[in-house]
Amino acid sequence: MADKQEKAEDGLVAEIEKKITEAFEVFDRESNKTVDVKEIGCIVRSLGCFPSEAEVQELLAQIEVEEPSGFVHLEKFLPVMTKVLLDRRFRPIPEDVILHAFEALDENKCGYITKEDLVKHLTEEGEPFTQEEMEDMLAVALDPETNTLHYRDYRIKLVVDETKTFPFNV
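## Comments concerning the overall build of the protein chain
Link 1 in the chain: Helices and strands together make up the secondary structure of the protein chain, namely nine helices and five strands.
Link 2 in the chain: Taken from N to C terminus, the helices and strands of the protein chain fall in the order α-β-α-α-β-β-α-α-β-α-α-β-α-α.
Link 3 in the chain: Put simply, the protein chain has 170 residues, and 32% of those count as buried.
Link 4 in the chain: Expressed as a percentage of contacts within the protein chain between residues at least 6 apart in sequence, the contacts between residues at least 24 apart total 64%.
Link 5 in the chain: For the protein chain, the exposed area adds up to about 11100 Å²; of that, 52% sits on carbon and sulfur atoms.

## Things to note about the packing of helix α6 (residues 115–124) against helix α7 (residues 131–141)
Link 1 in the chain: The N-to-C vectors of α6 and α7 enclose an angle of 145 degrees; their axes lie 11 Å apart at closest approach. Crossing geometry of α6 relative to α7 is assigned as right-handed. Mapping the contact onto sequence places Lys 115, Leu 118, Val 119, Leu 122 and Thr 123 in α6 and Met 134, Met 137 and Leu 138 in α7.
Link 2 in the chain: Tallied by class, the residues present in the contact of α6 with α7 amount to six nonpolar, one polar and one charged.

## Observations concerning helix α3 (residues 53–62)
Residues separated by three or four positions in an α-helix point in the same direction, a consequence of the helix having 3.6 residues per turn.
Link 1 in the chain: Along α3, the residues classified as buried are Val 56, Leu 59 and Leu 60. Buried residues of α3 fall within an arc of 100 degrees about the axis and therefore sit on the same side.

## As for the layout of surface pockets
Link 1 in the chain: In this structure, the largest pocket occupies an estimated 1600 Å³ of space.
Link 2 in the chain: Along the walls of the largest pocket sit 35 residues, with Arg 45, Pro 51, Glu 127, Phe 129 and Glu 133 positioned nearest its centre.
Link 3 in the chain: Mapped onto the lining of the largest pocket, the elements with two or more residues apiece are α2 (40–46), α3, α5 (95–105), α6, α7 and α8 (151–158).
Link 4 in the chain: At five residues, the largest contribution of residues to the lining of the largest pocket is made by α5.

## Brief notes about the environment of Tyr 154
Link 1 in the chain: Considering the arrangement of structural elements, one finds Tyr 154 in helix α8.
Link 2 in the chain: Residues Tyr 154 and Asp 143 lie 11 residues apart in sequence; the distance between their C-alpha atoms is 9.9 Å.
Link 3 in the chain: Setting aside its immediate chain neighbours within four residues, Tyr 154 contacts Phe 102, Met 137, Val 140, Ala 141 and Leu 149.

## Thoughts on the side chain of Thr 34
Link 1 in the chain: Within the fold, Thr 34 resides in strand β1 (residues 34–36).
Link 2 in the chain: Separated by 2.5 Å, the side chains of Thr 34 and Asn 32 make a polar contact.
Link 3 in the chain: For Thr 34, the contacting residues outside a window of four places in its chain are Phe 24, Asp 28, Phe 71, Val 72 and His 73.

## Points about unusual backbone geometry
Link 1 in the chain: In this model, Arg 88 sits at a positive phi of 55 degrees, which is unusual for a non-glycine residue.
Link 2 in the chain: Counting through the fold element by element, Arg 88 comes out in the loop between α4 (74–86) and α5.
Link 3 in the chain: Owing to a relative accessible area of 23%, Arg 88 belongs among the partly exposed residues under this scheme.
Link 4 in the chain: In this model, Lys 109 sits at a positive phi of 50 degrees, which is unusual for a non-glycine residue.

## A few points about the nonpolar core
Link 1 in the chain: Core analysis: the largest hydrophobic core is formed by 25 residues, its most contacted members being Ile 20, Ile 40, Ile 43, Phe 77 and Met 81.
Link 2 in the chain: The set of elements that each furnish at least two residues to this core consists of α1 (2–27), α2, α3 and α4.
Link 3 in the chain: Dropping the residues within four chain positions of it, Ile 43 is found in contact with Ala 23, Phe 24, Phe 27, Val 35 and Phe 77.
Link 4 in the chain: If you look at the next biggest cluster of nonpolar residues, it comprises 14 residues, including Ile 98, Phe 102, Met 134 and Tyr 151.

So, how was this worked out
- Residues numbered from 1 in each chain as written.
- Predicted model: local features only at pLDDT ≥ 70, side-chain atom pairs only at ≥ 80, totals over all residues.
- Heavy atoms only, no water.
- Helix = DSSP H or I, 4+ residues; strand = E, 2+ residues; numbered from the N terminus.
- Buried < 20%, exposed > 50% of the residue type's maximum accessible area, 1.4 Å probe, protein only.
- Contact = heavy atoms within 4.5 Å.
- Areas by Shrake-Rupley, 256 points an atom, 1.4 Å probe, with all protein chains shown as cover.
- Axes fitted to C-alpha atoms, helices over the stretch in contact; angles between N-to-C directions.
- Left-handed = near helix turned anticlockwise from the far one by under 90°.
- Nonpolar A, V, L, I, M, F, W, Y, C, P; charged D, E, K, R; others polar.
- Arc of directions from axis to C-beta.
- 1 Å grid on protein atoms, 1.4 Å probe; cavity = no way out; pocket = protein on both sides within 12 Å on 5 of 7 lines; lining within 4 Å.
- Points joined across faces, edges and corners; volume = space filled by probe spheres on them.
- Polar contact = N/O pair within 3.5 Å; in protein donor to acceptor, adjacent residues only side chain to side chain.
- Core = buried A, V, L, I, M, F, W, Y, C linked by side-chain atoms within 4.5 Å.

Laid out in structure tokens, this is it:
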């Protein structure tokens, strides 16, 4: 009986490692089992995890990064990321929390946030967006006619179905 469970767990780990390797290889431009340290956040997020930038830095502290080149080897990344997925860390933010966050930014309680207010909040407070991140978000989030973010509609685009992003039966 224990043998059967061990085999199932080994199969799960093998499946997780395969997914991690596939995601890693997308960013391995030289096909040498290394990626630029700057790509780690994208790789982690592509695997259905949603860490903050500070949490990405904590992950990097657990991985031996080749100094000064700033590259991460798959063999160093794989065990750390496997544990993250097995522990189901960095889960998506629930829809009600997303809505509450937008409502907190909507000072007039009118159901939308102006472009100016959105830019101010997201570039000056908390974990600030970069200029590129801000431009990317505005391109998809703003109503082109009113230049506002109708957050009740937009929040639906931000909600993640965990059954689709984390296909493992952990």
